[in-house]
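Residue strings, one per chain:
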Amino acid sequence: MTVGAVVYTEAGVDTYDGADLERARDADGTTWVRAWDATPGELDRVASVFGIHHLSVEDIQRDIRPKTEEFSSHTFVLVKTASLRTGETTFREELRTQQIGLFIGRDWLVTMSTVGTDAVESVWRSIQRGDVRTLRLGPDFAAYRVIDRIVDEYFVVLDETEDLIEEIEDGVLAGPSEEVLVALNDVRRDLLSVRKVLWPTREAAAILARGDPDYVQPSTEKYYRDVYDHLVQLVDLTETYRDLARGARDIYLNSLSQSTNEVMKTLTVVATILLPLTFIVGIYGMNFSGGPYNMPELGWRFGYPAVMFGMASVTAILVAYFRQQRWL
Amino acid sequence: MTVGAVVYTEAGVDTYDGADLERARDADGTTWVRAWDATPGELDRVASVFGIHHLSVEDIQRDIRPKTEEFSSHTFVLVKTASLRTGETTFREELRTQQIGLFIGRDWLVTMSTVGTDAVESVWRSIQRGDVRTLRLGPDFAAYRVIDRIVDEYFVVLDETEDLIEEIEDGVLAGPSEEVLVALNDVRRDLLSVRKVLWPTREAAAILARGDPDYVQPSTEKYYRDVYDHLVQLVDLTETYRDLARGARDIYLNSLSQSTNEVMKTLTVVATILLPLTFIVGIYGMNFSGGPYNMPELGWRFGYPAVMFGMASVTAILVAYFRQQRWL
Amino acid sequence: MTVGAVVYTEAGVDTYDGADLERARDADGTTWVRAWDATPGELDRVASVFGIHHLSVEDIQRDIRPKTEEFSSHTFVLVKTASLRTGETTFREELRTQQIGLFIGRDWLVTMSTVGTDAVESVWRSIQRGDVRTLRLGPDFAAYRVIDRIVDEYFVVLDETEDLIEEIEDGVLAGPSEEVLVALNDVRRDLLSVRKVLWPTREAAAILARGDPDYVQPSTEKYYRDVYDHLVQLVDLTETYRDLARGARDIYLNSLSQSTNEVMKTLTVVATILLPLTFIVGIYGMNFSGGPYNMPELGWRFGYPAVMFGMASVTAILVAYFRQQRWL
Amino acid sequence: MTVGAVVYTEAGVDTYDGADLERARDADGTTWVRAWDATPGELDRVASVFGIHHLSVEDIQRDIRPKTEEFSSHTFVLVKTASLRTGETTFREELRTQQIGLFIGRDWLVTMSTVGTDAVESVWRSIQRGDVRTLRLGPDFAAYRVIDRIVDEYFVVLDETEDLIEEIEDGVLAGPSEEVLVALNDVRRDLLSVRKVLWPTREAAAILARGDPDYVQPSTEKYYRDVYDHLVQLVDLTETYRDLARGARDIYLNSLSQSTNEVMKTLTVVATILLPLTFIVGIYGMNFSGGPYNMPELGWRFGYPAVMFGMASVTAILVAYFRQQRWL
Amino acid sequence: MTVGAVVYTEAGVDTYDGADLERARDADGTTWVRAWDATPGELDRVASVFGIHHLSVEDIQRDIRPKTEEFSSHTFVLVKTASLRTGETTFREELRTQQIGLFIGRDWLVTMSTVGTDAVESVWRSIQRGDVRTLRLGPDFAAYRVIDRIVDEYFVVLDETEDLIEEIEDGVLAGPSEEVLVALNDVRRDLLSVRKVLWPTREAAAILARGDPDYVQPSTEKYYRDVYDHLVQLVDLTETYRDLARGARDIYLNSLSQSTNEVMKTLTVVATILLPLTFIVGIYGMNFSGGPYNMPELGWRFGYPAVMFGMASVTAILVAYFRQQRWL
Ligand SMILES: [Mg+2]
Ligand SMILES: [Mg+2]
Ligand SMILES: [Mg+2]
Ligand SMILES: [Mg+2]
Ligand SMILES: [Mg+2]
Ligand SMILES: [Mg+2]
Ligand SMILES: [Mg+2]
Ligand SMILES: [Mg+2]
Ligand SMILES: [Mg+2]
Ligand SMILES: [Mg+2]
Ligand SMILES: [Mg+2]
Ligand SMILES: [Mg+2]
Ligand SMILES: [Mg+2]
Ligand SMILES: [Mg+2]
Ligand SMILES: [Mg+2]
Ligand SMILES: [Mg+2]
Ligand SMILES: [Mg+2]
Ligand SMILES: [Mg+2]
Ligand SMILES: [Mg+2]
Ligand SMILES: [Mg+2]
Ligand SMILES: [Mg+2]
Ligand SMILES: [Mg+2]
Ligand SMILES: [Mg+2]
Ligand SMILES: [Mg+2]
Ligand SMILES: [Mg+2]
Ligand SMILES: [Mg+2]
Ligand SMILES: [Mg+2]
Ligand SMILES: [Mg+2]
Ligand SMILES: [Mg+2]
Ligand SMILES: [Mg+2]
Ligand SMILES: [Mg+2]
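Residues numbered from 1 in each chain as written. Chains lettered and ligands numbered in written order. Predicted model: local features only at pLDDT ≥ 70, side-chain atom pairs only at ≥ 80, totals over all residues. Heavy atoms only, no water.

Our next topic: the sheet that holds strand 3 (residues 30–35) of chain C. Residue and element names in this part refer to chain C. Reading across from one edge, 2-1-3-7-6-5-4 is the order of the seven strands in this open sheet, with mixed pairing throughout. The strands lining the two open edges of the sheet, one partner per strand, are strand 2 (12–16) and strand 4 (67–70). Recorded for the sheet is a direction-independent mean angle of 20° between the axes of neighbouring strands. The pairing of strand 5 (residues 75–85) with strand 6 (residues 94–104) spans 11 bridges and is antiparallel. Note on strand 6: the bridge partner recorded for F76 is F103. Against the sheet, helix 4 (residues 118–128) contacts strand 1 (3–9), strand 2, strand 3, strand 6 and strand 7 (108–112), and its axis sits at roughly 145° relative to strand 3. (Pairing = 2+ DSSP bridges. Helix = DSSP H or I, 4+ residues; strand = E, 2+ residues; numbered from the N terminus. Axes fitted to C-alpha atoms, helices over the stretch in contact; angles between N-to-C directions. Contact = heavy atoms within 4.5 Å.)

Another point: the relation of the copies chain C and chain B. What connects the two chain copies is a rotation about an axis and a shift along it. Between chain C and chain B, the superposition needs a rotation of 72° and an axial shift of 0.1 Å, giving an RMSD of 0.2 Å. In short, the pair behaves as if placed about a five-fold rotation axis. Of every C-alpha in chain C, the one belonging to G285 of chain C sits nearest the axis of rotation, 4.9 Å from it. (Least-squares fit on C-alpha atoms with pLDDT ≥ 70 in both.)

Our next topic: the sheet that holds strand 3 (residues 30–35) of chain A. Residues and elements named next belong to chain A. Strands sit in the order 2-1-3-7-6-5-4 across an open sheet of seven strands; the sheet is mixed. Each edge of the open sheet carries a strand with a single partner, namely strand 2 (12–17) and strand 4 (67–70). Geometrically, the sheet is characterised by an average inter-axis angle of 20° between neighbouring strands, direction not taken into account. On the sheet, helix 6 (residues 139–174) packs against strand 1 (3–9), strand 3, strand 5 (75–85), strand 6 (94–104) and strand 7 (108–112) and is oriented at approximately 25° with respect to strand 5.

If you look at the interface, chain D gives 50 residues, while chain E gives 56 residues. Contact between chain D and chain E buries roughly 4500 Å² in total, counting both sides, with carbon and sulfur atoms accounting for 61%. Among the residues chain D hides against chain E, the three largest losses belong to F279, F288 and Y293 of chain D. Together they make up 14% of the total. Note that D250 of chain D and R188 of chain E form a salt bridge whose closest N and O atoms lie 3.8 Å from each other. (Buried area = accessible area lost by both parts, 1.4 Å probe. Salt bridge = Lys/Arg side-chain N within 4 Å of Asp/Glu carboxyl O.)

It is common to give the size of an interface as the accessible area lost on bringing the parts into contact. Each assigned domain of chain A is listed here: domain 1 (3–256) and domain 2 (260–324). Here the C-alpha centroids of domain 1 of chain A and domain 2 of chain A sit 75 Å apart. (Domains from an automatic or database assignment.)

Take chain D, turn it by 72°, move it 0.1 Å along the axis, and it overlays chain E with an RMSD of 0.1 Å. When the interface residues of chain D are mapped onto chain E, a mere 20% of them again lie at the interface, so each copy presents a different face.

Attention now goes to the UniProt feature "transmembrane region" (unreviewed entry) in chain A. Residues and elements named next belong to chain A. Following the UniProt record, one finds the feature "transmembrane region" (unreviewed entry) at residues 267–290 and 302–322. Taken end to end, residues 267–290 has its terminal C-alpha atoms 40 Å apart, with 71% of it in helix and 0% in strand. Segment residues 302–322 splits into 95% helix and 0% strand. End C-alpha atoms: 30 Å apart. (UniProt positions renumbered as here; feature names shortened; annotations may be inferred.)

All names here are of chain A. There is a patch of like negative charges on the surface, built from D159, E160, D163, E166 and D170. Note on placement: D159 falls in helix 6. Since its relative accessible area comes to 47%, D159 is described here as partly exposed. (Patch = residues over 30% accessible without salt bridge, like charges linked within 9 Å, V, L, I, M, F, W, Y side chains within 5 Å. Areas by Shrake-Rupley, 256 points an atom, 1.4 Å probe, with all protein chains shown as cover. Lys, Arg positive; Asp, Glu negative; His and termini not counted. Charge placed at Lys NZ, Arg CZ, Asp CG, Glu CD. Buried < 20%, exposed > 50% of the residue type's maximum accessible area, 1.4 Å probe, protein only.)

Attention shifts here to the side chain of K265 of chain E. Relative to the elements of secondary structure, K265 of chain E occurs in helix 8 (residues 218–283). Setting aside its immediate chain neighbours within four residues, K265 of chain E contacts S259 and V263 of chain C together with R326 and W327 of chain E.

Residue-level contacts link 49 residues of chain C with 56 residues of chain B. Approximately 4500 Å² of surface area, both sides summed, lies buried where chain C meets chain B, with 61% of it carried by carbon and sulfur atoms. Where chain C packs against chain B, one counts five salt bridges. Between D229 of chain C and K67 of chain B there is a salt bridge, and its shortest N-O distance comes to 2.2 Å. For the pair chain C and chain B, the interface holds 24 residue pairs in polar contact (both at pLDDT 80 or more). Looking at the side of chain C that touches chain B, its residues break down into 19 nonpolar, 18 polar and 12 charged. (Polar contact = N/O pair within 3.5 Å; in protein donor to acceptor, adjacent residues only side chain to side chain. Nonpolar A, V, L, I, M, F, W, Y, C, P; charged D, E, K, R; others polar.)

Residues and elements named next belong to chain D. Across the interface, helix 6 (residues 139–174) lies against helix 7 (residues 178–209) with an axial gap of 11 Å and an inter-helix angle of 160°. Taken together, the axes of helix 6 and helix 7 lie roughly antiparallel to each other. As for the relative orientation of helix 6 and helix 7, their crossing is left-handed in sense. Here I147, Y154, V157, L158, T161, L164, I165, I168, G171 and V172 of helix 6 lie close against helix 7, whose contacting residues are V180, A183, L184, V187, L191, V194, V197, L198 and L208. (Parallel < 35°, antiparallel > 145°, perpendicular 65-115°, else oblique. Left-handed = near helix turned anticlockwise from the far one by under 90°.)

Here we come to the environment of A5 of chain B. All names here are of chain B. By the secondary structure assignment, A5 is in strand 1 (residues 3–9). For the pair formed by A5 and V157, sequence separation is 152 residues and the distance between their alpha carbons is 31 Å. Setting aside chain neighbours within four positions, we find A5 in contact with D14, T15, Y16, L21, A24, W32, V33 and W124.

So, on to helix 2 (residues 40–50) of chain C. Residue and element names in this part refer to chain C. Of the positions making up helix 2, those classed as buried are L43, V46, A47, V49 and F50. The arc enclosing the buried residues of helix 2, seen along the axis, measures out at 160°, which places them on a common side. In this fold, the buried residues of helix 2 make contact with strand 1, helix 1 (21–26), strand 3, helix 3 (54–60) and strand 7. Just past helix 2, the residue G51 takes up positive phi, approximately 70°. (Arc of directions from axis to C-beta.)

The next thing to look at is the nonpolar core. One finds W32 of chain A, W32 of chain B, W32 of chain C, W32 of chain D together with W32 of chain E to be the most contacted residues of the largest nonpolar core, which totals 295 residues. Residues F279 of chain C, L275 and F279 of chain D together with W327 of chain E belong to the second largest nonpolar core, which totals 121 residues. (Core = buried A, V, L, I, M, F, W, Y, C linked by side-chain atoms within 4.5 Å.)

Take the arrangement of the chains next. No part of chain A reaches chain C; the closest C-alpha pair between them is 9 Å apart. Kept free of each other, chain B and chain E leave a smallest C-alpha distance of 9 Å between them.

Looking now at the environment of A206 of chain B. Locating A206 of chain B in the fold gives a position in helix 7 (residues 178–209). Counting along the chain gives 22 residues from A206 of chain B to Y228 of chain B, while the straight-line C-alpha distance between them is 6.1 Å.

A separate point is the pairing of strand 3 (residues 30–35) of chain B. Residue and element names in this part refer to chain B. A large share of strand 3 lies buried, amounting to six of its six residues. Along strand 3, one buried face is formed by T30, W32 and R34 and the opposite face, lined by T31, V33 and A35, is buried too. Here six bridges tie strand 1 to strand 3, and the two strands are oriented antiparallel to one another. Across the sheet, residue V3 finds its bridge partner in strand 3, namely A35. Two elements, strand 3 and strand 7 (residues 108–112), share five bridges in a ladder whose sense is parallel. Looking across to strand 7, one finds that A35 is bridged to M112.

Moving on, we get to the confidence of the model for chain A. All names here are of chain A. Considering every residue of chain A, the mean pLDDT works out to 90; 97% of them sit at 70 or more. No element of chain A has a lower mean pLDDT than helix 7 (residues 178–209), which averages 89, and none a higher one than strand 7, which averages 96. For this predicted complex, the interface confidence reaches an ipTM of 0.84, while the overall pTM sits at 0.84. (pLDDT = per-residue confidence, 0-100.)

Close approach of charged atoms allows side chains of opposite charge to pair. Taken as a whole and assessed by the stated rule, the structure comprises 96 salt bridges over all chains. Here D63 of chain A makes a salt bridge to K80 of chain A, at a shortest N to O gap of 2.6 Å. A residue pair is termed long-range when its members are at least 10 positions apart, and D63 of chain A in the loop between helix 3 (54–60) and strand 4 and K80 of chain A in strand 5 qualify at 17 residues. Classification of D63 of chain A by relative accessible area gives partly exposed; the value is 46%. A salt bridge links E203 of chain D to R202 of chain D, with the nearest nitrogen and oxygen atoms 3.6 Å apart. Among the residues examined, R202 of chain D registers a relative accessible area of 17% and is labelled buried.

This is how it looks when you write it as structure tokens:
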């Protein structure tokens, strides 16, 4: 059974069958109809009972931005649940979202989704368990509780992103590798996706927090303001993490430049020391002969030790120079 | 014949000749005049029958931004169809757009374009096939259906762009080559062009969705709101793809730096091992002679094996060092 | 003569001398006074006849942003003509602009500039030729025609900029050279200058298109809206060209990095092949002697061919390796 | 005792116990209740006495952005104290903030925080010392004084950041090292955090400065405007420092590129001088013999000096060339 | 004497002593009190005579952003004079600003600053010289004249900045050096500082130009609009100069990359020519002997000339190749 209904007052909770929606709608008290993990046919049936526009039903089945839209008999709120899942792309994980539609009428609430979600389930159960505050307040409060739960999921998503950034920061210090840059792109992409959902959700919550819709009561506005504050904070977090990712990227790119610089220094030091020495030994490998001016050194008693000492001196001077220049 | 007219009511559809526009305009029911693949003369003729300003007719023949403009007797909507075509520049493909003008009056609709387009054609045919909903609702709904079709074309364009980005991402991993950067510029340019059209189209749809124009009925507003949502989503997509392109570019540029770094490491390792060895063999190629201090090693029984062993040791130490430094 | 006046109605056109401004002002019909290539004294004289504030006259003589300003008896529009001229800086060409002031009163128009300009001249002549539409409509329409001509000049300027970008794109593919970057800076600077003029011109046109000023009649608003659309399109073009310039710059910088990468690969390949070979021939250049363990290879019958063959093998292996690595 | 109360008039100050909040609330004069370093239970107790919403109390215990929120009986201002502390991350120091809630009623002020803070303490004491101006003016002025103190703390934080930037600028000139980049990231992160708090604090102050809330009297608005000015100045400072950090980063990255450039020049100079010399001595190390055309130089009387002189000449020419090219 | 007063009408100018402020205030005509290079005590004294809030007096003594603030009896305008001075930082020059407060009442003007400034002095003198227009118009016109003078100082500052940019552009073409980057940072910093002052000054002038304040008369609005135009133009100039600085920086960084590229090409050319030659001479330095297959070339009649010719050929081919590749 994927369509169900409850009618509740402070006095208690009645459960209705998905086939009895008209009776549930007309009963005294707050009516909540939940179409959960529902087929298009079930969604259309619920929509026709409560006068919900077919375009709104379509929105729930598509990847539309979160929004609050007002109709004459109800307010339509479209939100998205969020989780990081292993995706189909080369990225390690990516943001998966699912649409949930909330329709807030005078004394009724309809929630619709084509999947099952924890956020709706947990509030549904708390009503059946007889949560006093929710029973006392109307459909706008129940809707608030669902939205509040959904917004909390984004904190979980951003916590996971933070862990990933910390891993990357460790990887960056260990040394430059292409994997780090791929992971950084991954995180940046996730943050962009989260931000793209959070931003319109914030706007949707702002409309509710201002109490513009007819069926949001003044006493519930404060609760939507609280949701709004959390969404502002979430947007702030995505920016902070984006900056951390940018910082890690800077250090990564710099460590590559620094590595190249050091490799070149090593090469230059080695070449600057050994090329002169090789030249010197090359001199005494020449085959000049036939006269007093032609390489008399070769016959000197201490010729060989003298050359060896000369080369050691050249080496020592060059090493000292490079030490001073901090190339060694 | 590139100018035609239909007059439709829920009862049925009458077709009029392009020469009979005044009769079609004055007939009962919704009149739709279509100037399709039309010459400037035909456009002017239609305009004079429906009191359309000559500046609007000019707009349809120029590369003006999409817009919604209100006149006293009608609302003028200028939109652009989109497709990626092989262009005249060095880029592989580029965005081609074509203007379509829609003039929505109280009980008439005029669509004008200097080319033939699928979007107008398909709605035109569905009316002639007797599509119930379109026949029942007025000219603002028929206009919505044309615009909706045109907006859907942008999803096709962005799908093609996504494929191109995926190709580029594969190319980037295969190794740095200038082609990749050219392709990335290509994509960036396409996304910019798409965005430049989508943004004002979104504004034009917003005006219709707010129901400001007199001839957009309250019951049609919801449909334009739906178009607006799709345009918002399209703008979001262009941003997401732009970020993917930027990510691919980062990986590309980095792989070039990394390649240079590795090339330098190879050179440095080779030089650091072989320059000392060449120096050593150079020493024993010197021609010192004439005394016990001059290169006595050359005469030692195991001189040659000792030098060879010494050089092998130097090599082994350097290789071990570079292994440890992860240069090998 | 740099100050002249015409008074026109649908019936015809009368020409007045610059000394007769008061009579021209008071004559029936639309009065247009043109101060063209005028001295400060002439400007002041015209201003005093029509009650124009001396600060407005000063604005025309200074490099002030385009603007629309309303006074009690007239609307003041300051626009700028544009052309690319060889400048005094090191840049090849730079944007030159000249102020034109238009003062639109109830039944009069004053245009002022300290230079002569084609835009004013051509509209002036078309009135003297008896252009029907202009004669019939009032001073706000004549002002529109001047502004429209001036805006068209920016399309010419941007066309020239586009040609320059195309030249640069060709230059970039030919190979990295500092000239290309200088030319890119040049273009970027021109685009920035154009944009700085276009942006406030757009705002000035928007005020006229909204019909806010008292002396812009409802029937003329559409024409100013058309000018506004062209200005929006021009701003779009500057952004498109700026992006093309940025793309060319990316390819340029990348081709430099790629060139450095390839130079390093060449060096590394050469060194990696020849340093080992030089080492090997160095070994057999050593002078060890005096025992069976000291370089017996030197005496082998096929010692020399064996070494040569060994070196050829080393070379072949290294070349094959570098081929596989795509370094060759 | 972490909850206390004072009731003050121009005549004097009475102190009340935390258990006596109702009496303090109802007494004549301005009542200030301070919950300081308080437990959740204490906060709830104070809230229930003054009709403060439980969501506001929750806000004080969470990391919510600064804000001004109006309730029917009071205005709620949430601000954050700031200090740089050694953090748990790898960064040297990071911004630590703590929430302080101020509730401004008609004749009462409640301040709440879960920690003890200097800003509240110092104003609290000045009242007990009988500060005339504060005693005369109402709860909105006392709230101003607390907020003013808190805003001053940000000047201290930014002063410390400036010192850090100066240290970094010195480090950059000393030579490229990875530490500098880490420190720069550190500063950038701090500035971002400060800015994230300052921006909404500025908005919260703007609401008070405009005098919108009922319990901010016209005579106090000027004081909040002063706070607002300081917040604008603080935001300006964060931008200036961010730019200084960016400038230091540019110089740092450039000095690395310049270092690589110089290393390469050294290598090229050394190789360009010594490779030809080594080649020359290699020539005269060849063992050709057996005819007049085979290396007659080896037997010339001044062969060796001539070669040595030739090599010295080559060296001198190359050194002169590199000097001229500024590579030496 | 640092506090003085004048009372002026079209008829003439009376000068009052700083001790006579009350009499000057109450005299017929426009009263201008100037506290110039004044001590805090003097400022407080003037403030108490004219009912100026002590927070405004504090603002003049602090580094607060320019602003226009309205009080019931007067309008307070805070502006800043600007000059480039040798600063305490490592930068060559930096922007120095000084606060000037203008208080515009119904028939009085108070100007306050803790320093002496040319702008105030020159207007003060022109009144004493009996400048007709200033004497005829009220305190809002005198305030305009002071502000106009102050705004003109920014043109001088930006002219100096332009000269500095031109110097840098010359330096960039001369070759890469760290000094250039430091100078560029210097300019960027100056431009940022100027912009930070100009932006709020523009807003302050906009308020006066709109004529919102009670004591700005309609006839003076035009003058403030003129000041506003100049401020807009100044902001435009800072952006143009910032772009020039960015262009110079691009060319600088590129010339460094290009230099590195050329250094590497030189090295590669040298190594690619000389390593093979050195290898070849190494071959004929080997000591193989003992059979017909061992280095028979050494005994050939033209062995040596043949090798020399072979090496010359290799060199010629490589040089031709590098010429073709444009590496030489
Ligand atoms: Mg992921
Ligand atoms: Mg929550
Ligand atoms: Mg964590
Ligand atoms: Mg939005
Ligand atoms: Mg918003
Ligand atoms: Mg909260
Ligand atoms: Mg047009
Ligand atoms: Mg393309
Ligand atoms: Mg659609
Ligand atoms: Mg695909
Ligand atoms: Mg726009
Ligand atoms: Mg918009
Ligand atoms: Mg939809
Ligand atoms: Mg300008
Ligand atoms: Mg130019
Ligand atoms: Mg035009
Ligand atoms: Mg062209
Ligand atoms: Mg603007
Ligand atoms: Mg820190
Ligand atoms: Mg303060
Ligand atoms: Mg300091
Ligand atoms: Mg904000
Ligand atoms: Mg703001
Ligand atoms: Mg202040
Ligand atoms: Mg300076
Ligand atoms: Mg001026
Ligand atoms: Mg100059
Ligand atoms: Mg501002
Ligand atoms: Mg502004
Ligand atoms: Mg002016
Ligand atoms: Mg580089």
